[in-house]
Amino acid sequence: MEEGSEAQPPHPPNVEAVEQPSLVPMDQDEDQEAAAEPMEDGEAAAGDASEAADPMEDGEAAGDSAAAAEPMEDDAPTSSPTPSAPSATAAVDDSTIARKRRRRKKQFPGMIPTAGVRVLRGSSSSSAHNAAHLTGVPRRRGRPPTSSSLRLARELDSEALIALAAGFPADSLSEDEIAAAVLPRIGGTEQANYLVVRNHIVALWRSNPLSPVAANAALASIRSEHAPLVAAAHSFLSEHAYINFGLAPAVLSLPPRPPPSFPPPSVLIVGAGFAGLGAARHLIGLGFKVAVIEGRLRPGGRVFTKTMHSSAAEYADTVAAADLGGSVLTGINGNPLGVIARQLGFPLHKVRDKCPLYLPDGRPVDPDMDARVEAAFNQLLDKVCQLRQVIADGVPHGVDLSLGMALEAFRAAHGVAAEHEERMLLDWHLANLEYANAAPLADLSMAFWDQDDPYEMGGDHCFIPGGNSQFIRALADGIPIFYGQNVRRIQYGRDGVMVHTDKQSFRGDMVLCTVPLGVLKKGDIKFVPELPAQKKEAIQRLGFGLLNKVVMLFPYDFWDGRIDTFGHLTEDSCQRGEFFLFYSYSSVSGGPLLIALVAGESAVKFEQASPMENVEKVLETLRKIFSPKGIEVPNPLQAICTRWGTDKFTYGSYSYVAIGASGDDYDILAESVHDRVFFAGEATNRRYPATMHGALLSGYREAANILRAARRRAKKVDSPEKMDINVEVKVDVNGEVKDNVKDSNNDLDDLFRSPGAAFGGFSVLHDPATSEPDSVSLLRVGIGARKLGSGSLFLYGLIMRKNVAVLAAIEGDEQRLSTMYRDFGTKLVGLDSLSDAGESLISRIKAAARK
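Please read these numbers as outputs of a predicted model, since none were measured by experiment. (Residues numbered from 1 in each chain as written. Predicted model: local features only at pLDDT ≥ 70, side-chain atom pairs only at ≥ 80, totals over all residues. Heavy atoms only, no water.)

Caption draft 1: A look at the pairing of strand 7 (residues 319-323). Most of strand 7 is tucked away, with 4 of its 5 residues classed as buried. Where strand 6 (residues 305-309) meets strand 7, 5 bridges bridge the pair, whose relative direction is antiparallel. From the neighbouring strand, Met308 faces strand 7, where its bridge partner is Ala320. (Buried < 20%, exposed > 50% of the residue type's maximum accessible area, 1.4 Å probe, protein only. Helix = DSSP H or I, 4+ residues; strand = E, 2+ residues; numbered from the N terminus. Pairing = 2+ DSSP bridges.)

Caption draft 2: Seen up close, the pattern of salt bridges. Applying the stated criterion across every chain, the model contains 32 salt bridges. Glu613 serves as the salt-bridge partner of Lys617, at 3.9 Å between the closest nitrogen and oxygen. Placement of the pair is Lys617 and Glu613 together in helix 18 (residues 611-626), with a separation of 4 residues, close to one helical turn. On the basis of relative accessible area, Lys617 is assigned to the partly exposed category, the value being 29%. When salt bridges that share partners are traced, they join Glu408, Arg411, Arg423, Asp427, Glu434 and Arg576 into one network. (Salt bridge = Lys/Arg side-chain N within 4 Å of Asp/Glu carboxyl O.)

Caption draft 3: Looking closely at the sheet that holds strand 14 (residues 505-508). Taken in spatial order, the 4 strands make up an open sheet running 14-13-12-16, and their pairing is mixed. For this open sheet the edge positions go to strand 14 and strand 16 (526-528), each flanked by a neighbour on one side alone. Neighbour to neighbour, the strand axes of the sheet diverge by 15 degrees on average, direction disregarded. By the bridge criterion, 3 bridges tie strand 12 (residues 487-493) to strand 16 in an arrangement that is parallel. (Axes fitted to C-alpha atoms, helices over the stretch in contact; angles between N-to-C directions.)

Caption draft 4: Fine view of the packing of aromatic side chains. Applying the stated criterion to the full structure yields 22 aromatic pairs. Look at Phe558 and Phe626: their rings are 5.4 Å apart centre to centre, the planes differ by 90 degrees, and that puts the pair in the edge-to-face class. Residue Phe558 is found in the loop between strand 18 (548-553) and strand 19 (565-568), and its partner Phe626 is found in helix 18; the two are separated by 68 residues along the sequence. No difference in accessibility class separates Phe558 from Phe626, as the two residues are buried. Ring geometry for Phe759 and Phe762: centres 5.6 Å apart, planes at 15 degrees, overall stacked. Residue class for Phe759 comes out buried when judged on its relative accessible area of 9%. In this structure an aromatic cluster arises from ring pairing among Tyr358, Phe554, Phe558, Trp559, Phe566, Phe582 and Phe626. We note Lys522 situated over the ring of Tyr651; from NZ or CZ to the ring centre the distance is 5.1 Å. (Phe/Tyr/Trp six-rings, centres within 6.5 Å; stacked < 30°, edge-to-face > 60°. Lys NZ or Arg CZ within 6 Å of the ring centre and 35° of its normal.)

Shown next, in the form of structure tokens:
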């Protein structure tokens, strides 16, 4: 293994370094490869940014965190190469087909609910009226709006679009805002005013993320009487890292907030990937003491940039930075990584849309056939959508099938791709779908494989010149990280937590576990007491898939670096994912770098072959494409084959919804255990799984949840008689650790036997203190019988009373859940993880029942 850093740790026993006789040094990197592509599997095609959003500021995103880390094997080039501007040739063929080709998921009308941009002004005058109310601009009844009020209305709409890109509902409170009790009462004029204030503060931050937004900055354009709303919105946005986050010098110089208690609570974070580093940095700013425990000898986890070097004397200066794991920022609008890139001055290279496809013999695919087969592929997915809707409407508890099985059944029934070349082209699209999900189609849930589609981020998809480890190094700077600590056991109880590694033990008040789902599925970390049954079941139901790469540094660019991708079709359907897509990094890596992707079943078989064999296969594929054009394919100067499936710190690449799983499982995996053990990482992010930005956002989310838990604990210390859950850890005579949980909330089950409303698997308890439509009710959803076929698992959420009637009128629990998540922003959580507002509501319900 060649590395950019001077100090090199010895190779792990399972890592091979292979030299080819033909001067092709081959670095087989297993333990030190960066894992799968959270961002590539996101969307690789560029979408259109909303007109209100700055592509550098408004994206949604965050990376995935890995559990342990390896030595920082190499540093990216000290000066990031500036991305080359697309040439006129490269700009040709930016067609709809090319854009669709590299999209992570497909969206079709009627396939899944699409959360489109909602323009807030039913009329310009209504927005102008709200603006006038907040800013003091007088409005005269019966007169048309002035140009200034129209301009103000447009600004309000633009700010609402920016907030929408950042993940907020267009015209209602988010679940987190409800949980944080930002308003004493939901709905009405005060909520409308709060939303305008919140959107305005988010827009201020996004307009210039180099300077923190102070609470009084928003008051410059808002009437002073609304100062309490500004304070509430600013506090919420800061604590949840919607504003004033990142690595700008002015942000880093902000003084930490007062801790929630004294002495400051301590948090142990397992894993130094995007989730762990993002949470650590934010928690330090919130006044916590933090220590990160990392198994590798480097930070980053599945995000790892390897510096490729030439061993040939005639090309001694040929160097390139290669992302072996997460590589593409999928959708820059609202993406926090876009914000951080701007703060650090990183240039962005838009992934260009042109993606030519080649037949096995090197001939380019006929454009007419390409368009015809892609249209047929989309129609097959549409047929699957219709089938699952029929099943959801007609089967009481639902039934799940394999997406691959359903697609093949419709393909055969409708005679799609009957000709051999058409079948090869269809296989390419199926391989692309397997790449998007890091799994064979036979393993994907037909019902929920695309459950995150409504939340996809808009904007261009980009490379960071020099690689994504630049983010990692910047985020890790100054964070206390203990490397080479392989975590074996996490123990938690009433007095705190203990994290035991193979070298030492760490004690803290709380622990945040950010290890990849593959590690949790493998059971390498023992939790004492054991995790709740519903969490263990969610871990098993969710899938954790595989994507591998062959990374090759060549003496020169022979493939035309003016394109960023090209594809290759295979004769055998069983090998459709083998080197089906090539990424050119010549524009961003600093050298002639080419990466071949291996997806689906081929990604598993890939790890069973030798690195030498895999490189020879790639070269054979490239020669079939370019030799007929008279272009010689040279031997690479260096090559690396990733093996994420056998990496003991990942056991795979990124998560997917397997047969029998659903989006609920992401939420269950994200839930904390007794306010002591918290979870983050891409596999805990229902909206943005399998992405780098999803991991980073999950870290910010859990930092806010840990703050809320610390505040609750501080209150309970002051009033111990109010504690609802008492967790004691005892050791029996055999030395086994056992958990005794005393739960005084059992009587809540009795109350739900006579709910205020019940329909399907839903039941509701209303607030006994009010019957207002905008009052908050406690919702309970039983999902166990629907998915497990056995005892029910209950999740809880807060919902406005008026929305209960809307849900009751909808047919089928799946549609109710979809409406609840999409339109109401209600998030289902465990009973232990309800907000202060939820706990207060439960207290009122119980008190009323005792009268």
